[in-house]
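# Geometric and topological summary
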Amino acid sequence: MRDKLYHFLKRMFSSRYAHLFMGLIALYGVSLLITHTSHFEKLVYSLMKYYYADYEVRASLFQRDILEAGFYKEKYKEQLSSLTEGYFDYHDKKETQAFFISKKLLYDVWQEKNRNSYLLAQVIGKGIHKTEVPEEVAFDYLILGGKKIVPFSEYEKGWQARVFVSIGEKGVYIHRDSIDYLLSWYFDSLWESDTRSPKGFYSEWRGFKDPLTYSLYRDLGEICEDIFQKRLYRNKKEAKKYFMEEGFKVFLPTMLAMGVRLVADQDSNFPSDYQYLRACLTGLSLNPNYTLFYLLKTNSPYSYNPLVRRGWEDFCHRLDFVYLDEITLNQISNAAKDILKKLEDS
Amino acid sequence: MIPVGTNLKLKNVPWATIGLLLANWIIFISLHGAYYDIGFWISSYFFSVPGEQYPWQLITYMFFHASLWHLLGNSIYLWVFGIFVEDKLGWKAYLFLYFLTGIAAGLINGTMVGLFMRERVFIPVLGASGAISGIMGVYLYRCYYSKIKLLISIWLPIRIQIPAVIILTLWFIKDFMGGIDSIRGIYQNVAFWSHVGGFAAGFGACKYLHYETEARKEKLEFVAETTLNQYGGYGIGIEAAEKLLETDPDNPELHLNLARAKTRWRASLEGKEHYEKAIKLLLEREPEKSTDAFIEYWKKYLTVLEAKYQAKLSMLLNKNLKTDFSAHTLQTLIDSDQPLDLHMEEAYLNLGKIYREQLKRDDLAQYVYEKFLEKFPKSKYREYVEKLLSHEG
């Protein structure tokens, strides 16, 4: 009997099919180790699903979709309740903020179209900014990146609705994601094309320069030169890190200037779209740059923000966009000031 | 481009593939239009979620599909590649590899997501494409010599054939690049690493199981089968068949096909040898087929085989109502200078009987019997033959 069992086991373990099966079990172990998720990761994902289900209820047009999203919302609520039990009460903003700030995440919630809009993002930097516009303004700002939960407007309209700056309970939020994706794309395309001459830093077709890449080139020319002409970095990862960091620094002053206006207008009764337009114009008038000028134009017919679009139309009357080379930072600044003044007067 | 078939021939009914397809379709149809609480329950407990997974989800995720197009696409690929893999491996090894590669696909996808796309670790994965990619990996290893028939598009129904090595390598590269893109943050709602993982697992499993020996043999069989009967370019078929005979010297079909190829334009000595070998082997294994081969041989060579075989074949021909032909081959046998053994004795007696009873040629029967008495004076049938002759007289 023992001999039989021994021979059976020997035969089984010498089978190559059995070896493959054992290999699969080993792979399962490795995968389990790598994909192991902490309670915190589960909690964040659960919170995201719950809030997005809430957004979905708002965004859905048909009754069936609303019912479905409502059903999912309830289910995620149950999951969330069990995950947050003993940690914090997710209905309580202060408790939730305190929990997430200990993990270097900013949590905020505010009213948007009479419903809650949420934000959960990594805090990657912070500081205090002081300036005069002409009244003296000082505020704390947080640089946010790696958004885990986006506000309702961004969820509903996608990347077009991304803002560069917003104001919240903890100060002015600088949304680095909104510019990072563009810097990353620009860097990757230049690195892939192994561009070495300034002509290659932007696209041109029949004498007309592509406004986006040309704007980026005009703002980031020196950084591009360091990386793609002088070849300061051979390693792509290091080069990209340098490009993203230095690139962001170019746009930060404009964003801070936008924040200044948001803080100054905080207690006004202006509608939020109008506040954002005033912030854009202030940013461009105080610290103009080509890329944000191009991005803020939002001249797309699908633009979600009619007020900002109107602001762009005003720019079109003042500047000739056919010859981009001829537009200077001074012109942008002056035009922004003019439009702002016109808006205030009206 | 849509794969619609291959240039291989199916030898058995692919029951396991049919079963897998039925299972996928039954599950899809039964869940179609299901209330969303069932959908929620299924997505929570049956889809593969790398960051929050029960072990059984690594098997169940293969049987669920997101849409009709998802299922239809997978079904086409499973049918095109699965049936031939099942045909070559047999259903047990086929199902073993299907589930092994499907599970490996889920695990490799999970591992890549966990390492490089942490933010997607809770996104569920579903569909049989990982397992099917595994079967495609097995197909590439085992049927590398075949060609895939592709439809350019549904709207442009032009069919082209491309070597499996090229098309499957391109598919793999495409999925790999998709995987790299997903690491770079460009998502297409496709679990590319599941495809890459499944394919690599299928290919690697074949390597570990040493399937190359069978694959090489099958390639030679395929080349021999498809080219030996052609009018041109059958040289590679002859080469393949000769190589196959080195490992399988008693394959009658191969000998017969080689004989036919080698006597296509003239009756060669090599062809004769293959005919003789094929006829002898067929006579032992499938006697009914041996007569057709013998007729072919006879028409080309008109040369007697050893008495043992020729006598047996002649009687088989007679049984098949080819009486004249049977009498002719027996007559040639007794006229030959073969040694006078028991088989020759039997040939005389049978020929006499055919002349006497079936062809009603008593004169010829008498001639055969007289010759018999002359050649076999001490035969135990002597008395019987003498009796017949006295009756004739």
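The notes below deal with the structure included here. (Residues numbered from 1 in each chain as written. Chains lettered and ligands numbered in written order. Predicted model: local features only at pLDDT ≥ 70, side-chain atom pairs only at ≥ 80, totals over all residues. Heavy atoms only, no water.)

This next bit is on the overall build of chain A. In terms of regular secondary structure, chain A is built from 13 helices and 7 strands. Computed over the C-alpha atoms, the radius of gyration of chain A is 26 Å, more than 25% above the 20 Å expected from 2.2 N^0.38 for a compact globule of 346 residues. Along the first, second and third principal axes, the C-alpha atoms of chain A reach 100 × 50 × 40 Å. Put simply, chain A has 48 plus and 46 minus side-chain charges, and the middle of one group is 8 Å from the middle of the other. (Helix = DSSP H or I, 4+ residues; strand = E, 2+ residues; numbered from the N terminus. Rg over C-alpha atoms; globule rule 2.2 N^0.38 Å. Lys, Arg positive; Asp, Glu negative; His and termini not counted. Charge placed at Lys NZ, Arg CZ, Asp CG, Glu CD.)

A separate point is the environment of K241 of chain A. Residue and element names in this part refer to chain A. Mapped onto the elements of the fold, K241 is located in helix α9 (residues 236–264). For K241, a relative accessible area of 60% gives the class exposed. Expressed as a C-alpha distance, the spacing of K241 and S184, which sit 57 residues apart in the sequence, is 9.5 Å. (Buried < 20%, exposed > 50% of the residue type's maximum accessible area, 1.4 Å probe, protein only.)

All names here are of chain B. If you walk across this open sheet you meet the 3 strands as β1-β2-β3, and the pairing is antiparallel. Here the strands that pair on one side only, and so sit at the sheet edges, are β1 (2–6) and β3 (159–163). Across the sheet, the mean angle separating the axes of adjacent strands is 35° when strand polarity is ignored. Here helix α7 (residues 164–183) sits on the sheet and contacts β1, β2 (147–151) and β3; the angle it forms with β3, its principal contact strand, is near 90°. (Pairing = 2+ DSSP bridges. Axes fitted to C-alpha atoms, helices over the stretch in contact; angles between N-to-C directions. Contact = heavy atoms within 4.5 Å.)

Residues and elements named next belong to chain B. Here E86 is to be found in helix α4 (residues 68–89). K92 is the oppositely charged side chain nearest to the buried, salt-bridge-free E86, at an N-O distance of 12 Å. Here E86 is in contact with V13, P14, W15, A16, T17, W91 and Y94, once residues within four sequence places are set aside. (Salt bridge = Lys/Arg side-chain N within 4 Å of Asp/Glu carboxyl O.)

So, about the packing of aromatic side chains. Per the counting criterion, the structure on display carries 66 aromatic pairs over all chains. Pairing Y186 of chain A with F243 of chain A gives two aromatic rings, centres 6.2 Å apart and planes at 45°, and the pair type is tilted. Separated by 57 residues along the polypeptide, Y186 of chain A in helix α7 (residues 177–193) and F243 of chain A in helix α9 bring together distant segments of the chain. We note that Y186 of chain A, like F243 of chain A, is buried. Taking the ring centre of Y208 of chain B as reference, the NZ or CZ of R16 of chain A above it sits at 4.4 Å. (Phe/Tyr/Trp six-rings, centres within 6.5 Å; stacked < 30°, edge-to-face > 60°. Lys NZ or Arg CZ within 6 Å of the ring centre and 35° of its normal.)

This brings us to the nonpolar core. Within the largest apolar cluster, 56 residues are counted, with the highest numbers of intra-cluster contacts made by F81, Y98, Y139 and L168 of chain B. For this core, the secondary structure elements donating two or more residues are α2 (16–34) of chain A together with α1 (15–31), α4, α5 (91–116), α6 (129–142), β2, α7 and α8 (192–208) of chain B. Grouped together as the second largest cluster of nonpolar side chains are 41 residues, L313, I334, L351 and Y369 of chain B included. (Core = buried A, V, L, I, M, F, W, Y, C linked by side-chain atoms within 4.5 Å.)

Between chain A and chain B, the contact holds 25 residues from the first and 30 residues from the second. Viewed at the interface, chain B and chain A are joined by 1 salt bridge. The partner of R118 of chain B in a salt bridge is E41 of chain A, and the shortest N-O contact between them spans 2.9 Å. There are 11 residue pairs in polar contact (both at pLDDT 80 or more) connecting chain A and chain B. Within the residue set of the side of chain A that touches chain B, elements represented by two or more residues are α2, α3 (39–59) and α4 (63–84) of chain A. Ranked by residues supplied to the side of chain A that touches chain B, first place goes to α2 of chain A with 10 residues. For the side of chain A that touches chain B, the residue count by class is 12 nonpolar, 6 polar and 7 charged. (Polar contact = N/O pair within 3.5 Å; in protein donor to acceptor, adjacent residues only side chain to side chain. Nonpolar A, V, L, I, M, F, W, Y, C, P; charged D, E, K, R; others polar.)

Turning to unusual backbone geometry, a few remarks are in order. Residues and elements named next belong to chain B. The phi torsion at N189 lies on the positive side, around 60°, for a residue other than glycine. The phi dihedral of H210 is positive, around 55°, even though this residue is not glycine. Examined against the element boundaries, H210 turns out to sit in the loop between α8 and α9 (212–227). H210 gets classed as partly exposed once you look at its relative accessible area, which sits at 39%.

All names here are of chain A. For helix α8 (residues 211–229), spanning 19 residues, the distance from its first C-alpha to its last is only 22 Å, which falls clearly below the expected 27 Å at 1.5 Å a residue. The sharpest bend along α8 reaches about 80° and sits at L220. In the stretch just after α8, R231 is the one whose phi turns positive, near 55°. (Expected span 1.5 Å × (residues − 1). Bend = angle between axes of the 7 residues up to and from the residue.)

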